[in-house]
Amino acid sequence: MIVHQILSGAGPVDAVTTQAVIYRDLFGKWGFGGEDYAVSIDPRIAGRVRPFKSFDPAPDDVLVIHYSAYAPKLRGVLELANPKLLVYHNVTPARWFWDYEPTIAVHCSLGRRQLPEFAKGVDLAAGVSRFNAGELAEAGAQRTAVIPILFTRPDAAAVDRPDGPPTILFVGRLTPHKRQDELIGAFSLYRRHRQADARLVLVGEPLTPAYAASLVGLADRLAPGAVTFRSGISREELWGCYQEASVFVCLSEHEGFCIPLLEAFHFDVPVIARPSGGVVEVAGDAAIVTGDRDLALTAELIHLVVSDSELREELARRGRARLGDYAVDEVAVKLRAAIDEVTRAHADA
Amino acid sequence: MKPEQAVAAARSSLERERADGSYSEDLEGWRVQPPERPSTDSLLEWAIIEPDMDLVVSTRRWGAPISAVKRVLVHLTRQYTAQLASQQTRVNVHLMGRLGELDERLADVNHRLGDLENAELGRRIAELEGAELGRRIADLEDADIGRGIGDVESPGRE
C-alpha cells in the first residue's frame, strides 16, 4: 500500500511534523510506501519532506492530510478521488490573537472556517483527541475517529528532585490563550503567602517579541527575579526543566491535546491544570483539574502539592499509568484501523 | 490525600487564610492587558491608500541623485502601484462599510435590549408593588378581623 502524507508546513521542531515523521516510521514498519509533502518546508528538514508542487499520487494511493492551519493550497487534494484520511490537530480560535497579532488571527479564523470543507471532503476525519473529533463532527464530518498523539517517551528518566526551593513549570508557546500571565499571578500569590523563595520557569517560543516583553514586565512587577523565561532550548535542556520541576501548572484556555502533560507524567511531575479542550481527557485522573478561576486557589493547590508527599506520589503513580494509554503500540493500532477503514470505505463507495 | 480531595482541601485552606486576612490583594492589573485598539476614525483614515510622494527621498548625505532615481522608479511603476493601491483601498473601504453597518446594528440591538430590560424591570416593579399592596391590604383585613373578633369576645371591654 502507498500512503502519502500532506502537511501545510514542515519544520524540525513542529509538533505536526513530528507526528508525520513518527507516522512515516510506522508506515515503513507496516511495509507501506509513499512520501511526505508540505507546502512550506524548513530547509533543516528538506531531506525528509518533499515540496507539495511535486505531489502527484496514483489513483489508489491513500492520502493522510494533517490539518493544523489555514491551508488554501491543500484544497486541491480534496478534489482527488483517492482514499483520504484527515488528521486534525486543532486550530486555536482567532479571538486570542486579534489584539496581539492580527495576521495570525486572520489565519486562525480562516483555518477554522475552512475546516468544514476538509471535514466533509475526506473518507474519515480523525482528531488527535475526542475534543478535536467533536469539532470535526460539528464541522460536518460524516465519520470521525480519535487517533491520539503518538507520544514517544523522552530519552531521559525521572530523577529525584534536587534540594532547593520549589520550582513551578509550564511548557507552551508564550501566547495569550496559554495564560502565562495568570500563572505568573498565581505564582506571585504562592510566593507572597506560602513560599517566598519559589521559582517559576516558563518554557516556550513567544508569539511576538512585544507579547514576551509584556509577560516579562508582569513577572518583574509581581515576582521580581523569580521567573525564568526559556526559549529555543534543546530537547535535553527541556528534559532538564522537567527533572527540576516540583509541579507543572497549566492554566491554558485552549488545548487541542497538550503534549507537555504527558511529558510531565513521564518525569513524575505532579500536574495542576484547567479543564480546557483536550486537557481533561489527556490528564484523566492523573492531574488535579479545576475550572475555578481564583488565582489564590491555584496558589493554594500549588502549596498543597508541594507540601503533601502522599499526594505527589499518588499523582506520579497515576501519571505513569496514564502514559500507558498513549503508548506508541496502543495508538499505532488506532492509526492502522483508521487507514484500513479509509481504504475499505473508499472501495465500498 | 487523594487527588480528588485536593481542590476541596485547597478551597477550605484558602477560606481560612482569607478569614485571617491573607490573600487580600487587589488583582487588578495582574494580567497582561491587550494593547489599545486603533479607533474607528484611525481605521477610516488608514483605509484610503495614498502614498506620500514627499517621503520618497534618500536621507543619505549627497542623496539628491538617489532621491531623483527613486522618484523616476516610482513614476515608471505607477501603473502597477496605482492598481495595487486601488485594489487595497477598495477592500479597505468595503470592510469599513461593513464595520460601520455592524456598529449601527449592534447599537440598535443594545438599544432594543435596554428597552426590553426597562420594560421587564417595570413589570417586575409593578408585580412587587402589587404584591406589597396586596400584603398590606391583607394585613389591614387581618387587623380588622382581629379587632372584630376581639370586640365579639370581650363585648363589655369598652
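Side note on the overall build of chain B
Link 1 in the chain: The number of helices and strands found in chain B is four helices and zero strands.
Link 2 in the chain: Each helix and strand of chain B, ordered N terminal to C terminal, gives the series α-α-α-α.
Link 3 in the chain: Taken over C-alpha atoms, the radius of gyration comes to 37 Å for chain B, far larger than the 15 Å a tight globule of 158 residues would show.
Link 4 in the chain: Within chain B, the proportion of its 158 residues that are buried is 3%.

Some remarks on the overall build of chain A
Link 1 in the chain: The number of helices and strands found in chain A is 12 helices and 13 strands.
Link 2 in the chain: Compactness check: chain A gives a C-alpha radius of gyration of 21 Å against a globular reference of 20 Å for 349 residues, within 12% of the reference.
Link 3 in the chain: Each of the three principal axes of chain A carries a C-alpha extent, and together these read 65 × 40 × 35 Å.
Link 4 in the chain: For chain A, buried positions account for 48% of its 349 residues.

Description of the interface of chain A and chain B
Link 1 in the chain: Contacts between the two partners involve 25 residues from chain A, matched on the other side by 21 residues from chain B.
Link 2 in the chain: Those elements giving two or more residues to the side of chain A that touches chain B turn out to be α5 (180-193), α6 (209-222), α10 (295-307) and α11 (309-325) of chain A.
Link 3 in the chain: Among the elements that make up the side of chain A that touches chain B, the one with the highest residue count is α10 of chain A (six residues).
Link 4 in the chain: For the side of chain A that touches chain B, the residue count by class is 13 nonpolar, four polar and eight charged.

Overview of the sheet that holds strand β12 (residues 271-273) of chain A
Residue and element names in this part refer to chain A.
Link 1 in the chain: Spatially, the six strands line up as an open sheet ordered β10-β9-β8-β11-β12-β13, and their pairing is parallel. Either end of the sheet is taken by a strand with one partner, and the two such strands are β10 (227-230) and β13 (288-289).
Link 2 in the chain: When strand β8 (residues 167-171) meets strand β9 (residues 199-203), the two strands line up parallel, connected through five bridges. Of the residues in β9, the one forming a bridge with V171 is V203.

Here's the deal with the sheet that holds strand β2 (residues 36-41) of chain A
Link 1 in the chain: Strand order in the open sheet formed by seven strands is β3-β2-β1-β4-β5-β6-β7 (chain A), with parallel pairing between adjacent strands. Both outer strands of the open sheet, β3 (50-51) and β7 (144-146) of chain A, are each paired with one neighbouring strand and no more.

Remarks on the packing of helix α8 (residues 259-266) of chain A against α11 of chain A
All names here are of chain A.
Link 1 in the chain: Closest axis-to-axis distance for the α8/α11 pair is 8 Å, and the angle between their directions is 125 degrees. In this view, α8 runs oblique relative to α11, as classed from their interaxial angle. Between α8 and α11 lies a crossing whose hand is left-handed. Only G319, R320, R322 and L323 of α11 make contact with α8, whose side of the interface consists of L262, A264, F265 and H266.
Link 2 in the chain: Class assignment of the residues belonging to the contact of α8 with α11 gives a composition of four nonpolar, two polar and two charged.

Here we look at the confidence of the model for chain B
Residue and element names in this part refer to chain B.
Link 1 in the chain: For chain B, the mean per-residue pLDDT works out to 87, and 91% of the residues sit at or above 70.
Link 2 in the chain: Summarising per-element confidence for chain B, the mean pLDDT is lowest in helix α4 (residues 78-153) (85) and highest in helix α1 (residues 3-19) (96).
Link 3 in the chain: Every residue in residues 154-158 is under pLDDT 50, and counting partners more than four places away or in other chains gives zero contacts.
Link 4 in the chain: ipTM for the predicted complex: 0.87, alongside a pTM of 0.82.

Some points on the domain arrangement of chain A
All names here are of chain A.
Link 1 in the chain: For chain A, the domain assignment lists domain 1 (3-151 + 327-348) and domain 2 (167-325).
Link 2 in the chain: Taking only C-alpha atoms, the centre of domain 1 and the centre of domain 2 are 29 Å apart.
Link 3 in the chain: Each partner contributes to the interface: domain 1 provides 17 residues, whereas domain 2 provides 18 residues.
Link 4 in the chain: By residue number, the principal contributor to the side of domain 1 that touches domain 2 is helix α4 (residues 130-138), which donates three residues.
Link 5 in the chain: Each residue belonging to the side of domain 1 that touches domain 2 can be placed in one class, and the counts come to nine nonpolar, five polar and three charged.

Examining the environment of K120 of chain A
Residues and elements named next belong to chain A.
Link 1 in the chain: Topologically, K120 is positioned in helix α3 (residues 102-120).
Link 2 in the chain: Of the residues examined, K120 has 15 C-beta atoms within 10 Å and is grouped as partly exposed.
Link 3 in the chain: Sequence spacing of K120 and Q19 is 101 residues, and the spatial spacing of their C-alpha atoms is 23 Å.
Link 4 in the chain: Among all residues touching K120, those that are not within four sequence positions of it are G140 and A141.

Description of the nonpolar core
All names here are of chain A.
Link 1 in the chain: Counting residues in each nonpolar core, the largest one holds 116 residues, and the members touching the most others are I65, L85, L86, A126, L261 and V271.
Link 2 in the chain: It is α10 that contributes the most residues to this core, eight residues altogether.
Link 3 in the chain: Both domains that meet at this core, namely domain 1 (3-151 + 327-348) and domain 2 (167-325), each give it at least three residues.

Description of helix α1 (residues 15-29) of chain A
Each α-helix winds once per 3.6 residues, and so residues spaced three or four apart point in a common direction.
Residues and elements named next belong to chain A.
Link 1 in the chain: For α1, built from 15 residues, the straight-helix expectation of 21 Å at 1.5 Å per residue is met to within 8% by its first-to-last C-alpha distance of 21 Å.
Link 2 in the chain: Taken together, the buried positions of α1 are V16, T17, Q19, A20, Y23 and F27. In an axial view of α1, the angular spread of the buried residues amounts to 155 degrees, which keeps them on one side of the axis. Across α1 from its buried face, at more than 90 degrees, point the exposed residues G28 and K29.
Link 3 in the chain: On its buried side, α1 packs onto β1 (3-10), β2, β4 (62-67) and α12 (328-348).
Link 4 in the chain: Immediately downstream of α1, the backbone of G31 shows phi near 80 degrees, a positive value.

Brief notes about α8 of chain A
Residue and element names in this part refer to chain A.
Link 1 in the chain: A large share of α8 lies buried, amounting to seven of its eight residues.
Link 2 in the chain: Check the buried side of α8 and you find it contacts β8, α7 (235-244), β11 (247-250), β12, α9 (279-283) and α11.
Link 3 in the chain: D268 occupies a position one or two residues after α8 and carries a positive phi of about 60 degrees.

Cut-offs and rules
- Residues numbered from 1 in each chain as written.
- Chains lettered and ligands numbered in written order.
- Predicted model: local features only at pLDDT ≥ 70, side-chain atom pairs only at ≥ 80, totals over all residues.
- Helix = DSSP H or I, 4+ residues; strand = E, 2+ residues; numbered from the N terminus.
- Rg over C-alpha atoms; globule rule 2.2 N^0.38 Å.
- Buried ≥ 20, exposed ≤ 12 C-beta atoms within 10 Å, placed from the backbone.
- Contact = placed C-beta atoms within 7 Å.
- Nonpolar A, V, L, I, M, F, W, Y, C, P; charged D, E, K, R; others polar.
- Pairing = 2+ DSSP bridges.
- Axes fitted to C-alpha atoms, helices over the stretch in contact; angles between N-to-C directions.
- Parallel < 35°, antiparallel > 145°, perpendicular 65-115°, else oblique.
- Left-handed = near helix turned anticlockwise from the far one by under 90°.
- pLDDT = per-residue confidence, 0-100.
- Domains from an automatic or database assignment.
- Core = buried A, V, L, I, M, F, W, Y, C linked by C-beta atoms within 7 Å.
- Expected span 1.5 Å × (residues − 1).
- Arc of directions from axis to C-beta.

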